[in-house]
Amino acid sequence: MNKKKKKVIVTGAAGFIGFHLSLELLNQGWNVVGIDMLTDYYDPRIKQKRLAILKKYPAFRFYKVNIARYSALEKVFKIEKPDEIVHLAAQAGVRYSLSNPWTYIESNELGTLNVFEAAHRLKIPRVLYASSSSVYGTNEKSPMSEGDRTDRQISVYAATKKANEALAHSYNNLYGIETIGLRFFTVYGTWGRPDLALFKFVKNILAGKPIDVYNRGKMKRSFTHISDIIAGIVAILKQSPHGRVTIYNLGGAEAVSLLDFIELIEQEVGKKAKKNLMPMQQGDVRETIADYSKAHNELGFVPKMPLRKGIAEFVSWFLENKNFLSTLKEPKQ
Ligand SMILES: NC(=O)c1ccc[n+]([C@@H]2O[C@H](COP(=O)([O-])OP(=O)(O)OC[C@H]3O[C@@H](n4cnc5c(N)ncnc54)[C@H](O)[C@@H]3O)[C@@H](O)[C@H]2O)c1
């Protein structure tokens with residue numbers, strides 16, 4: 001590690017978004033300290049592969065730590081003395097929060113409390129943390145903007161993300177730490193999560209297996225390419241902290257229906273999907289469409305990647321790595 005460079009701790013560095021953020025920051029000349037415990041919600045072998053890419057950089061250091069264990073987390077903060085924290089580690093996924101709600105409370109609520117508390121004790125001026133579009137819950141208003149009601153979550157996952165926002169507000173109020181919440185909208189891209197739609201659809205279509213289409217496809221999403229999410233986070237890191245407590249929607253420009261999304265995938269894969277039309281999943285939201293004007297005005301955030309191009313990039317990546325990716329264990333449900 002180079003002492004003159006700025007240092008960032010990225011929690012969840014072996015995860016999908018944490019990996020891409022770490023890679024980008026390393027390429028931009030940061031020292032990056034990754035924290036992750038490589039949970040087995042989805043096959044940790046893909047997390048190992050992501051880490052192997054990051055470990056090629058001398059400016060990357062990794063700690064396998066459970067953020068829900070305060071003393072272990074504080075130890076890393078004390079050794080590394082970072083300038084910035086980007087907290088992305090979490091138990092993700094809506095459906096699994098019905099069968100194992102405890103892991104969400106442990107990683108997302110206790111884990112996030114620990115990150116804020118360590119930042120306070122070590123006098124780190126700012127914490128960026130992942131929230132989610134799911135905090136908007138049953139809000140009928142669309143597109144969703146940061147000032148809309150967020151007191152009607154419909155899954156334990158979403159409730160833990162809302163709790164993170166409340167904690168962020170408290171830590172700002174108590175100690176003046178700048179806290180910036182990032183409400184991500186359906187992020188997709190290479191090295192993506194095997195439990196998410198794009199990964200599952202491409203895998204099954206290629207294998208000639210049916211895909212489950214919830215709410216018979218009557219859903220809409222602001223699909224957001226990972227490169228746009230990373231550009232938004234980097235834009236925040238370029239601003240100096242000045243004690244704000246704020247939240248940004250980071251979401252794609254196009255609101256796309258699930259059936260149109262599947263059609264784009266079929267075109268890129270060159271094969272028709274066998275669709276299993278299913279009822280709505282419990283805890284899922286029919287529409288999550290982003291109003292990103294606040295991030296646009298304050299960060300210059302503009303989602304740039306067209307969905308068709310992003311899907312094409314994903315399909316080529318999947319095909320290049322097909323031998324490995326098709327051996328991954330099914331994610332927990
Ligand atoms: N991907 C999306 O579409 C999306 C949308 C909204 C919000 N988010 C949020 O963004 C963040 C990153 O999501 P992602 O898609 O990269 O998920 P991910 O599951 O790929 O990454 C999360 C990482 O956190 C790690 N982790 C979980 N619990 C931990 C613990 N107790 N201690 C240490 N590490 C732990 C996991 O091992 C994993 O590698 C999460 O907070 C997620 O809730 C993601």
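Our structure is the block above this text.
None of the values given here were measured: they were computed from a predicted structure.

Thoughts on the pairing of strand S4 (residues 84-87)
Where a strand is regular, its side chains alternate between the two sheet faces.
Here is step 1 of the chain: Across the two faces of S4 the burial is the same, with Glu-84 and Val-86 and Ile-85 and His-87 all buried.
Here is step 2 of the chain: Summarising the sheet, strand S1 (residues 7-11) and S4 pair through four bridges and their orientation is parallel. Counterpart to Ile-9 in the pairing with S4 is Ile-85.
Here is step 3 of the chain: Bridge analysis of S4 against strand S5 (residues 126-132) gives three bridges, and the strand direction is parallel. Residue pairing across strands places Val-86 opposite Leu-128, the latter belonging to S5.

A short note on the sheet that holds strand S11 (residues 245-250)
Here is step 1 of the chain: If you walk across this open sheet you meet the seven strands as S3-S2-S1-S4-S5-S6-S11, and the pairing is parallel. The outermost strands of the open sheet, each flanked by one partner alone, are strand S3 (60-64) and S11. With direction set aside, neighbouring strand axes in the sheet form an average angle of 20°.
Here is step 2 of the chain: Along the sheet, helix H8 (residues 226-238) makes contact with S4, S5, strand S6 (178-184) and S11, crossing S6 at roughly 170°.

Brief notes about the site of the ligand
Here is step 1 of the chain: Contacts to the ligand come from 27 residues, most closely from Gly-12, Gly-15, Ala-90, Ala-130 and Val-187.
Here is step 2 of the chain: Elements represented by at least two residues in the shell around the ligand include exactly helix H1 (16-27), helix H5 (101-121) and S5.
Here is step 3 of the chain: Sort the elements by how many residues they give to the shell around the ligand and H1 lands first, with three residues.
Here is step 4 of the chain: Its residues assigned to classes, the shell around the ligand shows 14 nonpolar, 10 polar and three charged.

Reading the values: rules and limits
The residue numbering used here restarts from 1 in each chain and proceeds along that chain's sequence as written. Local features are withheld for residues below a pLDDT of 70 in this predicted model, meaning they are given only at 70 or higher, and side-chain atom pairs are given and counted only at 80 or more; totals for whole chains, interfaces and linings count all residues. Partly exposed residues are those whose C-beta has more than 12 but fewer than 20 other C-beta atoms within 10 Å; with 20 or more the residue is buried, with 12 or fewer it is exposed, and the C-beta atoms are placed from the backbone. Only DSSP runs of H or I covering at least 4 residues are called helices, and only runs of E covering at least 2 are called strands; the numbering of each starts at the N terminus. One bridge is not enough; two strands pair if DSSP finds at least two bridges between them. Helix axes are fitted only over the stretch in contact, all axes being lines through C-alpha atoms; the angle between N-to-C directions runs from 0 to 180 degrees. Each residue gets a C-beta atom placed from its backbone, and two residues are in contact if those atoms lie within 7 Å. Being near a molecule or strand means, for a residue, that its C-beta atom, positioned from the backbone, comes within 6 Å of it. Side-chain classes follow a simple rule in which Ala, Val, Leu, Ile, Met, Phe, Trp, Tyr, Cys and Pro form the nonpolar group, Asp, Glu, Lys and Arg form the charged group, and the remainder, Gly included, forms the polar group.

Limitation: the analysis is restricted to geometry and does not speak to function.
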